[in-house]
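Examining the three-dimensional arrangement
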Amino acid sequence: MQRVRCRAQSLKRYAHVRPAHALEQRIWRELAFHVSALAHLCHKRSVSVDIPISAKLLRWYDAHARDLPWRSPPGSSPPDPYRVWLSEIMLQQTTVGAVKPYFAKFTARWPTVDRLAAADDADVMAAWAGLGYYARARNLLACARAIVAGHGGVFPANEGDLRTLPGVGTYTAAAIAAIAFHQRAVVVDGNVERVVSRLFAVETALPSSKPELWRLTDTVTPETRAGDFAQAMMDLGSTICTPRHPSCLICPLQTDCLATRNDPASYPRRAAKVAKPERSATAFWIERDGQVLLIRRPQSGLLGGMRAFPSTLETKAASVDQASFHQGEPAGEIVHVFTHFRLTLSIRIGTPETGCNISTDGEWWPIDLLEEAGLPSVFAKVATVMMEKVTI
DNA sequence: TAGCCGTGGCA
DNA sequence: TTGCCAAGGCT
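Residues numbered from 1 in each chain as written. Chains lettered and ligands numbered in written order. Predicted model: local features only at pLDDT ≥ 70, side-chain atom pairs only at ≥ 80, totals over all residues. Heavy atoms only, no water.

Per an unreviewed UniProt entry, the recorded name for chain A is Adenine DNA glycosylase, and the organism is Sphingomonas paeninsulae. In the Function (unreviewed entry) part of its UniProt record, chain A is described as follows: "Adenine glycosylase active on G-A mispairs. MutY also corrects error-prone DNA synthesis past GO lesions which are due to the oxidatively damaged form of guanine: 7,8-dihydro-8-oxoguanine (8-oxo-dGTP)." Taken from UniProt, the Sequence similarities (unreviewed entry) comment for chain A reads in full: "Belongs to the Nth/MutY family." (UniProt positions renumbered as here; feature names shortened; annotations may be inferred.)

In structure tokens:
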């Protein structure tokens with residue numbers, strides 16, 4: 001045991017070494033954590049200590065925190081609230097990998113909330129294109145302008161005031177208060193719901209279990225470092241306590257977890273899901289002098305406020321799309337799966353006249369610049385199909 | 001309150 | 001190929 005402790009201490013002398021590659025860094029952090037845990041175990045080998053869950057998690061986080069562009073290192077001064085807010089909006093129901101390039105693009109182009117508030121709507125919507133959930137982009141602008149107009153360009157520092165801002169709900173308000181302002185707030189997102197429902201083996205199914213999960217999260221949230229704690233829960237959820245195959249053997253909370261030996265992947269329990277409805281519609285490629293007709297979709301509803309090809313794709317799901325539209329020559333078909341329905345979109349080559357029947361406020365867009373139009377993915381697929389036809 | 005609202009990666 | 005899922009909010 002003494003030899004192990006000496007080896008652990010000598011290894012800790014190399015803690016400042018930072019390998020160049022991401023994989024090596026990850027392995028190094030992993031090694032450093034286990035060395036630290038081993039040294040701790042040696043030191044406390046004969047003493048049973050009841051360490052709080054938050055303390056275990058924070059210790060793990062200090063060694064394993066992911067290095068993300070919107071973060072400051074664990075335990076350091078709070079990061080810029082603007083960057084925290086922007087990242088939290090982008091990360092709503094969106095993976096870290098998808099957000100990174102958009103976060104870089106937005107912060108380079110609009111480095112402050114004042115600059116963003118002064119931006120043109122069309123520029124922001126186009127910059128958001130491809131990230132999905134476009135109401136977020138509309139609310140992003142509304143929020144930036146509310147901060148400038150109603151809060152002197154400064155983000156409010158408490159959960160209650162944050163909650164009144166457009167696009168900022170219960171989760172986001174708590175996350176900003178905790179991370180950007182070091183307030184004690186109970187931060188519950190999808191990761192936390194999963195971790196906590198496993199930790200306490202919550203048998204109630206989501207979403208009815210949400211109040212119970214909030215209460216349980218409240219019981220384990222520390223008085224200080226609530227922001228680091230929240231981010232630690234999210235890191236744990238995305239790297240160890242994953243949805244399908246959790247890595248319980250290396251989990252810092254394994255000894256506290258009631259689900260670890262009882263099919264942890266089966267938590268959180270979920271209500272049975274219903275099948276996705278099928279919808280079909282027609283999109284029109286209407287060309288003139290090397291340009292193609294684009295329209296702006298209505299501000300609310302499906303793909304609200306985004307540029308698009310004229311189509312029979314309705315804004316409200318309740319209405320029926322005109323699937324059997326026979327004007328124009330058939331030019332192909334694409335399939336796109338949204339969260340709540342599966343769309344088969346027929347493409348037809350129309351004329352400016354048929355286009356005017358569908359929309360009167362279109363804009364003619366150069367075909368060779370279509371990539372800059374900021375089309376949502378479903379219409380970007382249409383563009384790809386038609387561009388391939390042109391090049392053939 | 002439950003339905004609506006994107007996208008891409010993964011198994 | 002298909003379904004599941006990810007740092008939710010709005011109505």
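The subject of this paragraph is the protein's contact with DNA strand C. Within the structure, DNA strand C sits among 28 residues, and Leu91, Thr172, Asp189, Asn191 and Arg194 are positioned closest to it. Counting only the atoms of DNA strand C that lie within 4 Å of the protein, the sugar and phosphate share comes to 65%. A distance of 3.1 Å is found between a base nitrogen of DNA strand C and a side-chain nitrogen or oxygen belonging to Arg66. Counting residues per element, the ones that place at least two in the surface near DNA strand C are helix H10 (170–181) and helix H11 (190–199). Per-class residue counts for the surface near DNA strand C are eight nonpolar, 10 polar and 10 charged. (Near = heavy atom within 4 Å. Polar contact = N/O pair within 3.5 Å; in protein donor to acceptor, adjacent residues only side chain to side chain. Helix = DSSP H or I, 4+ residues; strand = E, 2+ residues; numbered from the N terminus. Nonpolar A, V, L, I, M, F, W, Y, C, P; charged D, E, K, R; others polar.)

For the rest of this paragraph, the subject is the protein's contact with DNA strand B. With respect to spatial proximity, 20 residues lie near DNA strand B, and among them Tyr134, Leu303, Thr339, His340 and Ser377 are the closest. The contact in question runs from a phosphate oxygen of DNA strand B to an N or O atom on the backbone of Ser377, over 2.5 Å. Secondary-structure elements contributing two or more residues to the surface near DNA strand B are strand E4 (329–337) and helix H15 (377–391). A breakdown of the residues in the surface near DNA strand B according to their chemical character gives 10 nonpolar, 10 polar and no charged.

It is possible for side chains of opposite charge to pair when their charged atoms get near one another. By the definition in use, this model includes 13 salt bridges. With a closest N to O distance of 3.7 Å, Glu223 and Arg184 form a salt bridge. Note that Glu223 is positioned in the loop between helix H12 (210–220) and helix H13 (226–239) and Arg184 in the loop between H10 and H11, a separation of 39 residues in sequence. What makes Glu223 exposed here is its relative accessible area of 63%. One continuous salt-bridge network, built from bridges that share partners, spans Asp62, Arg225 and Asp228. (Salt bridge = Lys/Arg side-chain N within 4 Å of Asp/Glu carboxyl O. Buried < 20%, exposed > 50% of the residue type's maximum accessible area, 1.4 Å probe, protein only.)

Now for the nonpolar core. Within the largest apolar cluster, 77 residues are counted, with the highest numbers of intra-cluster contacts made by Trp85, Phe309, Leu370 and Phe379. In terms of residues, this core owes the most to one element, H10, which gives nine residues. Inspection of this core shows a minimum of three residues originating in each of domain 2 (81–266) and domain 3 (278–391). Ignoring anything within four residues of it in the chain, the contact list for Phe309 reads Phe284, Trp285, Val292, Leu293, Leu294, Ile295, Leu370, Leu375, Phe379, Val382 and Ala383. If you look at the next biggest cluster of nonpolar residues, it comprises 29 residues, including Leu57, Ala65, Val202 and Met233. (Core = buried A, V, L, I, M, F, W, Y, C linked by side-chain atoms within 4.5 Å. Domains from an automatic or database assignment. Contact = heavy atoms within 4.5 Å.)

Per the counting criterion, the structure on display carries three cavities of 30 Å³ or more. Each pocket or cavity is described by its volume, and for the largest cavity that value is around 110 Å³. Taken together, the residues of the lining of the largest cavity break down into 11 nonpolar, three polar and one charged. (1 Å grid on protein atoms, 1.4 Å probe; cavity = no way out; pocket = protein on both sides within 12 Å on 5 of 7 lines; lining within 4 Å. Points joined across faces, edges and corners; volume = space filled by probe spheres on them.)

As for its position among the elements, Leu253 is in the loop between H13 and strand E1 (278–288). Leu253 sits in the buried class, given a relative accessible area of 1%. Separated by 196 residues in sequence, Leu253 and Leu57 place their C-alpha atoms 7.1 Å apart. With residues up to four places along the chain from it excluded, the contact list for Leu253 reads Ile53, Lys56, Leu57, Leu199 and Leu236.

So, on to the packing of H10 against H13. Geometry of a packed helix pair, given as the angle between the helix axes and the separation of the axes. Relative to each other, H10 and H13 sit at 125°, their axes nearing to 7 Å. When the axis of H10 is compared with that of H13, the two are oblique. Of the two possible hands of crossing, H10 and H13 adopt the one that is left-handed. Where H10 approaches H13, its residues Tyr171, Ala178 and Ile179 are matched on the opposing element by Ala226, Gly227, Gln231 and Met234. (Axes fitted to C-alpha atoms, helices over the stretch in contact; angles between N-to-C directions. Parallel < 35°, antiparallel > 145°, perpendicular 65-115°, else oblique. Left-handed = near helix turned anticlockwise from the far one by under 90°.)

For any two aromatic rings, the description comes down to two numbers: the centre-to-centre distance and the angle of the planes. Overall, the coordinates contain eight aromatic pairs when judged by the stated rule. Note on Phe309 and Phe379: the rings are 6.2 Å apart at their centroids and 70° apart in plane angle, and the pair reads as edge-to-face. Placement of the pair is Phe309 in the loop between strand E3 (307–308) and E4 and Phe379 in helix H15, with a sequence separation of 70 residues. Look at Phe309 and you get buried, because its relative accessible area is 0%. Classification of Phe379 as buried rests on a relative accessible area of 0%. An angle of 20° between the planes, with centres 4.7 Å apart, marks the rings of Phe338 and Phe341 as stacked. The residues Phe338 and Phe341 share a single accessibility class, namely buried. An aromatic cluster of at least three residues, connected via ring pairs, comprises Tyr82, Trp85 and Phe155. Sitting over the face of the ring of Tyr267, Arg269 holds its NZ or CZ atom 4.0 Å from the ring centroid. The lysine or arginine in question, Arg279, covers the ring of Phe341, its NZ or CZ lying 4.3 Å from the ring centre. (Phe/Tyr/Trp six-rings, centres within 6.5 Å; stacked < 30°, edge-to-face > 60°. Lys NZ or Arg CZ within 6 Å of the ring centre and 35° of its normal.)

As a further point, take the pairing of E4. Bridge analysis of E4 against strand E5 (residues 342–350) gives eight bridges, and the strand direction is antiparallel. What sits directly across from Ile334, in E5, is Leu345. Following E4, the chain reverses through four residues before pairing antiparallel with E5. (Pairing = 2+ DSSP bridges.)

As a further point, take helix H8 (residues 135–151). The terminal C-alpha atoms of H8, which comprises 17 residues, lie 22 Å apart, in line with the 24 Å expected from a rise of 1.5 Å per residue. Buried residues of H8: Arg136, Ala137, Leu140, Leu141, Cys143, Ala144 and Ile147, and no others. Taken down its axis, H8 places every buried residue within 160° of arc, on the same side. Set apart from the buried face of H8 by more than 90 degrees, the exposed residues are Ala149 and Gly150. The inward-facing, buried residues of H8 contact helix H4 (81–90), helix H5 (96–109), helix H6 (113–117) and helix H7 (121–128). Gly152 sits one or two positions beyond H8 and adopts a positive phi of about 65°. (Expected span 1.5 Å × (residues − 1). Arc of directions from axis to C-beta.)

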